[in-house]
Protein chains: 2
Amino acid sequence: MERINRQVVLANRPHGPLDATTTEIRDVAVAPLEEGQALVAVRYLSIDATIRTWMDDAPGYLPPIGIGEMIRSGGAGEVIESRSDRYAVGDLVSGLTGWQEYVVADEGFGAMSPVPSGVDLPTAMNVLGSTGITAYIGLNDIGHISEGDVVVISAAAGATGMTAGQLAKAKGAALVVGIAGGPEKCALLVNEYGYDAAIDYKNESVTKRLKELCPSGVDLYFDNVGGEILNAVLANLAMNARIVLCGAVSGYNATEFPLGPSNYFALIIQRASMQGFLVLDHLAKWPEIQAELAAMIAAGTLKSREYIVEGIDHAVDGLSDLLTGKNIGKVLVKVS
Amino acid sequence: MERINRQVVLANRPHGPLDATTTEIRDVAVAPLEEGQALVAVRYLSIDATIRTWMDDAPGYLPPIGIGEMIRSGGAGEVIESRSDRYAVGDLVSGLTGWQEYVVADEGFGAMSPVPSGVDLPTAMNVLGSTGITAYIGLNDIGHISEGDVVVISAAAGATGMTAGQLAKAKGAALVVGIAGGPEKCALLVNEYGYDAAIDYKNESVTKRLKELCPSGVDLYFDNVGGEILNAVLANLAMNARIVLCGAVSGYNATEFPLGPSNYFALIIQRASMQGFLVLDHLAKWPEIQAELAAMIAAGTLKSREYIVEGIDHAVDGLSDLLTGKNIGKVLVKVS
């Protein structure tokens with residue numbers, strides 16, 4: 001029996017928001033396995049804002065996705081055939097799957113990693129995956145969080161922000177303020193996810209609310225959005241503040257050259273720093289961080305929340321929801 | 001005999017460039033000394049771009065200068081009367097003098113420091129003063145310069161830039177590129193002040209020249225200007241680059257809200273950092289740094305160059321020349 005593999009490829013580079021013409025479906029036959037390979041049935045795709053940056057024909061930390069090429073993506077699935085000692089049928093593995101139903105894992109560059117056990121697959125892909133680890137490394141290794149810090153996190157109801165807020169409280173932050181869009185998200189952050197306060201940027205002045213909530217300024221800002229919110233936080237920094245640049249989702253769908261943070265001069269006045277990072281640079285630390293996060297989940301001090309889109313045909317809708325802020329928590333596409 | 005002290009006070013907050021209405025002269029009598037005080041005849045004023053920022057009614061690291069208040073400034077002079085054991089007639093001292101002919105030094109907050117000996121007063125105020133120490137701390141403590149770095153310095157023919165370029169070479173930088181305005185400055189940087197290359201931002205494309213001169217990107221950027229030049233360097237960073245924010249002179253005379261660096265997203269892609277600092281935070285290190293710089297001057301490996309404006313009535317012209325880039329080297333006003 002020949003297996004058919006459904007793939008989602010880039011059809012047109014988006015100019016602004018994603019739409020039905022951005023991707024198209026391609027069905028291809030799955031080739032027989034070679035020695036050292038395993039076939040993985042993809043169960044979930046990890047939908048991350050960074051995928052949007054790869055759709056532009058612009059230099060980045062990875063090359064752009066070519067027209068007609070499969071969308072690059074993380075994901076996780078189950079081994080269903082194996083010709084490798086490394087993989088047994090039934091194993092759950094994660095790695096770069098791409099937007100497709102089947103992926104071939106090998107023992108080289110195409111190797112996939114065991115999914116941490118003890119939690120369900122969506123939780124493992126969220127808090128114990130690159131999302132949760134990004135939050136951890138951003139706060140600790142880049143932001144040097146310390147007890148008593150006033151911490152502000154943007155896109156706070158997104159996957160990274162939700163974990164970052166809970167971790168910041170656990171690390172002893174004096175105040176953790178989330179910035180999110182809409183009253184529903186803001187209420188959830190405070191009631192369920194450990195935030196002390198939330199600013200609804202769609203209905204409140206971020207600058208004014210920051211001044212009220214953080215009268216002595218912001219010590220640590222975990223930035224997922226860039227743009228005007230970054231600029232507002234720059235205007236309200238404490239001395240020796242640290243800005244952790246994790247993403248700039250506000251600009252990813254922009255068609256015009258986005259404005260830079262005109263208040264960056266505050267970095268001099270407040271002797272502050274702004275630092276970018278990528279979680280992939282810190283792979284050696286992942287196992288130890290995963291163990292710490294898994295222990296927090298087991299202890300009930302860290303909650304995981306996912307926003308699941310059904311069906312690979314709707315993968316692009318999941319990405320679109322993420323970029324327009326429709327999601328609460330980690331966006332996953334359930335493939336099968 | 002009553003001494004008359006000529007002071008320069010802020011008459012009108014400048015809106016854009018400085019002009020004849022910005023400051024005015026005020027002659028006041030010098031009061032008799034009290035116990036613990038000394039009278040200092042000011043010889044030179046240190047003209048720094050930061051003075052311009054204090055003329056705006058905007059929050060900064062120090063409060064704005066009030067209308068009718070003397071212009072705040074560093075300076076140096078000679079003790080001519082003393083009622084303090086700390087000061088002897090004939091001593092050369094430096095500190096916050098303000099723009100005036102006489103200043104009273106005391107033993108508290110108004111204390112002044114001995115000028116390092118062995119060099120002439122202008123050199124002491126330039127390379128051994130806050131200017132040279134700013135270059136040193138920016139490169140070393142903030143920029144973590146290391147051997148083999150590709151270093152770019154803006155306002156390279158200004159006081160800080162001239163010292164920074166020479167120090168970067170001495171610290172083993174592989175390539176030191178200066179950015180300055182006009183062919184005269186650029187030629188001087190390369191021929192006299194140890195720069196490997198110079199970019200004339202008034203006549204060349206900074207972006208294009210940076211790509212040519214630094215094909216593997218910029219490791220350390222010492223930024224004195226901000227604005228479009230900062231943005232151009234952001235587009236040409238090496239991995240793990242450090243941007244040292246020392247000033248943003250391009251914006252100080254701006255009447256419109258300046259543009260922020262829209263390429264700041266490169267900080268994420270290149271895992272780079274941008275950090276502001278103020279030399280006054282590092283006072284404990286000054287003596288050791290001054291000793292190192294003095295040894296370099298004695299050995300002939302560090303040159304000092306000053307741009308001297310004659311007469312306190314022209315102090316505002318000295319500041320204006322600095323802000324419009326007329327100077328080469330450190331701007332000083334010779335008071336008497």
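Every value quoted in this text rests on a predicted model; they were computed, and no experiment measured them.

All names here are of chain A. Across all of its chains, the model carries one cavity of 30 Å³ or more by this definition. Space inside the largest cavity adds up to approximately 30 Å³. Contributing to the lining of the largest cavity are Asn 126, Ala 159, Met 162, Thr 163, Gln 166, Lys 303, Ser 304, Arg 305, Gly 329 and Lys 330. A total of four residues in the lining of the largest cavity trace back to one element, the largest contributor, which is helix α4 (residues 159-170). Taken domain by domain, the makeup of the lining of the largest cavity includes at least three residues from each of domain 1 (4-127 + 304-334) and domain 2 (130-279).

What follows is about the pattern of salt bridges. For the structure shown, the criterion picks out 34 salt bridges over all chains. The closest approach of N and O atoms between Arg 271 of chain A and Asp 281 of chain B, which form a salt bridge, is 2.5 Å. With Arg 271 of chain A in the loop between α9 (266-269) and β13 (273-276) and Asp 281 of chain B in the loop between β13 (273-276) and α10 (286-299), this pair bridges two chains. For Arg 271 of chain A, a relative accessible area of 13% gives the class buried. By relative accessible area, which is 39% here, Asp 281 of chain B ends up partly exposed. Across the salt bridge formed by Lys 171 of chain B and Glu 292 of chain B, the nearest N and O atoms sit 3.3 Å from each other. Separated by 121 residues along the polypeptide, Lys 171 of chain B in the loop between α4 (159-170) and β9 (175-180) and Glu 292 of chain B in helix α10 bring together distant segments of the chain. The class of Lys 171 of chain B is partly exposed, set by a relative accessible area of 27%. Take Glu 292 of chain B: its relative accessible area is 31%, and that puts it in the partly exposed class. Shared partners join several salt bridges into a network, and the residues in it are Glu 204, Lys 208, Arg 209 and Glu 212 of chain A.

All names here are of chain B. Topologically, Gly 129 is positioned in the loop between α2 (121-126) and α3 (130-142). With a relative accessible area of 12%, Gly 129 lands in the buried category. Along the chain, Gly 129 and Gln 37 lie 92 residues apart, while their C-alpha atoms are 23 Å from each other.

Conventions we followed
Positions within a chain are numbered from 1, following the residues in the order the chain's sequence is written. Chains and ligands are labelled sequentially in the order written, the chains with letters from A and the ligands with numbers from 1. Under the rules for a predicted model, residues below a pLDDT of 70 receive no local features and side-chain atom pairs below 80 are neither given nor counted, while totals for whole chains, interfaces and linings still include all residues. Excluding hydrogens and water, the side-chain figures rest on all heavy atoms present in the structure. Points on a 1 Å grid over protein atoms alone make up a cavity when a 1.4 Å probe fits among them but cannot get out, and a pocket when they form an open set with protein on both sides within 12 Å along at least five of seven lines; lining residues each have an atom within 4 Å of a point. Grid points are joined across faces, edges and corners, and a volume is the space filled by probe spheres set on the points. Note on conventions: DSSP H or I runs of at least 4 residues are helices, E runs of at least 2 residues are strands, and numbering of each starts at the N terminus. Note: domain ranges come from an automatic or database domain assignment. By definition here, a salt bridge exists when the distance from a side-chain nitrogen of Lys or Arg to a carboxyl oxygen of Asp or Glu is within 4 Å. Three labels apply to residues, based on accessible area from a 1.4 Å probe with only protein chains included: buried if under 20% of the type maximum, exposed if over 50%, partly exposed otherwise in between.

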